[in-house]
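# Residue-level structural notes
Given next are the chains, with one letter for each unit.
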Amino acid sequence: MELSLSSLRFPQNDIVQLHKCSQPVSFHTFSNKKLASKSIFLYRPLIWHQPRLVRFKAQSSTDSNASDDKHGDDDFIIEDVPHLTHFLPDLPSYTNPLKRSQAYAIVKKTFVSPEDTVAKDIIVQKDSPRGTHFRRAGPREKVFFTPEEVRACIVTCGGLCPGINTVIREIVCGLKNMYGVDDVLGIQGGYSGFYSKNTLNLTTKVVNDIHKRGGTFLQTSRGGHDTKKIVDNIQDRGINQVYIIGGDGTQKGAAAIYKEVEKRGIKVAVAGIPKTIDNDIAVIDKSFGFDTAVEEAQRAINAAHVEAESMENGVGIVKLMGRYSGFIAMFATLGNRDVDCCLIPESPFYLEGPGGLYEYVEQQLKEHRHVLIVLAEGAGQEYVAQSMQAFQEKDASGNRLLLDSGLWLTQNIKDHFTNVRKMSVNMKYIDPTYMIRAIPSNASDNIYCTLLAQSAVHGAMAGFTGFTVGPVNSRQAYLPINRVTETTNTVNITGRMWARLLASTNQPSFVHYCQTVRERVDKQTIDAINNMQINSI
């Protein structure tokens, strides 16, 4: 008998082991309190109230005792997302309109199988368990909304990022062109717009060319999240699909909205589209806008290089985005090849002493008469805080307001060489951060944003809710929201990509972080910084 993930429904808070065999299937359900064994024949979609871990063991009836390897049977774990039918079990389903789509008529397999999953890890050993998987994104054969009943809304929150307008456009166009949905509202001004501002009626004509503009067509804001007031507004307006574009703080808000919707038992699908220019979202391959940011950063780096090499003892410094993760600085450096040193938050550095930044800068000036440094905005914050003897407050999203490490580094290098080394240096400092985040997305990000938007639309129409979307190993997947908010993706400074950068720049690795230098930084200052809440924009 062939097992289908879509034919089973399991009790909550249990781990279930499934065995594939030629006899009627026996399901052994384990809990902390009891062990039950029973035969089950259910044919409802596989739904879980909260993100679930389900272990699936594939085993032939003829070799059940034959496996003597380290792990035994293959271990298959699915982290699934909620579905409307969990709290609305009598919802009817309908045939997907894509069956009648002329565009999709050429597709050999139009609909994603209920059994399709995406592996979290694709590099495995021979005896490795099969590991964690996520539900594959895409259109389903059955949907839980008719085009006539859908009233969708889109909201953008947090900081700007290239590609936001493309996501908005493709949600509207995807709903209309794939599912025949005409009623889409734009919530203006972030979460607070649900209860404090008017809405826009979004049609394919209205959003036709917004992808050519930077920023967000719907405007944005930080904070303003009041779950009950937002869900009250959703109910009052008759909205039943909510698309939320934003960073981890915004996605936490999306999870709160989903929980309130479920508590009230209303038919509303909540879909998140993760956004952060820093590429610091966990699990997914990358965030939209990142490619555009890396490409646009080249202009600033090239300008700083021209300025530095055109002057005797020229020092060019470029500050890029990277609050807690240095991906933009790292990739921009690798893509440029003129950069002599890249400083990121993940790799502590020190200024003075053997192997320090000052020594390396002086060496470069003697050999090449100029030096070019790329700095992520979050790098060196402990030094800046110590020198200013003050802490700045957090913004409305919970992010700490960073001190300007670029200006601090520029001034310190100038003071050191002028006053200590008695050398004349010409400093050129460029901060293009707001210019980069305000531009339209490039072609690569436009395609990526389209995939994200269409995956979110397919998921909401199929009845999934409380989920977010993104590529996992190059395949679009539906993820539990907590998976993209519980940790921050950071550069692995013991990994190959950072090693490639060190080989490109020949900069010191700073791995032997001088303990005496660390002790000069006030312990209370470091502790206060380390205890600050980490949120991506």
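Parameters and conventions
- Residues numbered from 1 in each chain as written.
- Predicted model: local features only at pLDDT ≥ 70, side-chain atom pairs only at ≥ 80, totals over all residues.
- Heavy atoms only, no water.
- UniProt positions renumbered as here; feature names shortened; annotations may be inferred.
- Disulfide = S-S within 2.5 Å.
- Buried < 20%, exposed > 50% of the residue type's maximum accessible area, 1.4 Å probe, protein only.
- Helix = DSSP H or I, 4+ residues; strand = E, 2+ residues; numbered from the N terminus.
- Contact = heavy atoms within 4.5 Å.

An unreviewed UniProt entry lists the chain under the name ATP-dependent 6-phosphofructokinase, from Anisodus acutangulus. As recorded by UniProt, the Subcellular location (unreviewed entry) comment attached to the chain reads in full: "Cytoplasm".

To continue, consider the state of the cysteines. Enumeration over the complete set of coordinates arrives at zero disulfides. Here Cys 161 is not cross-linked by a disulfide; its sulfur's nearest cysteine counterpart is in Cys 449, at 7.6 Å. Its relative accessible area of 1% is what places Cys 161 among the buried residues.

Here we come to the UniProt feature "binding site: Mg(2+)" (unreviewed entry) in the chain. Look at the UniProt record and you will see "binding site: Mg(2+)" (unreviewed entry) annotated at Asp 248. Turning to its location among the elements, Asp 248 is positioned in helix H5 (residues 248–264). Here Asp 248 falls in the buried class, since its relative accessible area comes to 6%.

What follows is about helix H7 (residues 327–336). In terms of burial, H7 is a largely internal element, eight of the ten residues being buried. The set of residues buried in H7 consists of Phe 327, Ile 328, Ala 329, Met 330, Ala 332, Thr 333, Leu 334 and Asn 336. Each element contacted by the buried residues of H7 is listed here: helix H6 (290–309), strand S15 (314–320), strand S16 (341–343), strand S17 (370–376) and helix H14 (496–505). Among the residues trailing H7, Arg 337 stands out with phi positive, at a value near 75°.

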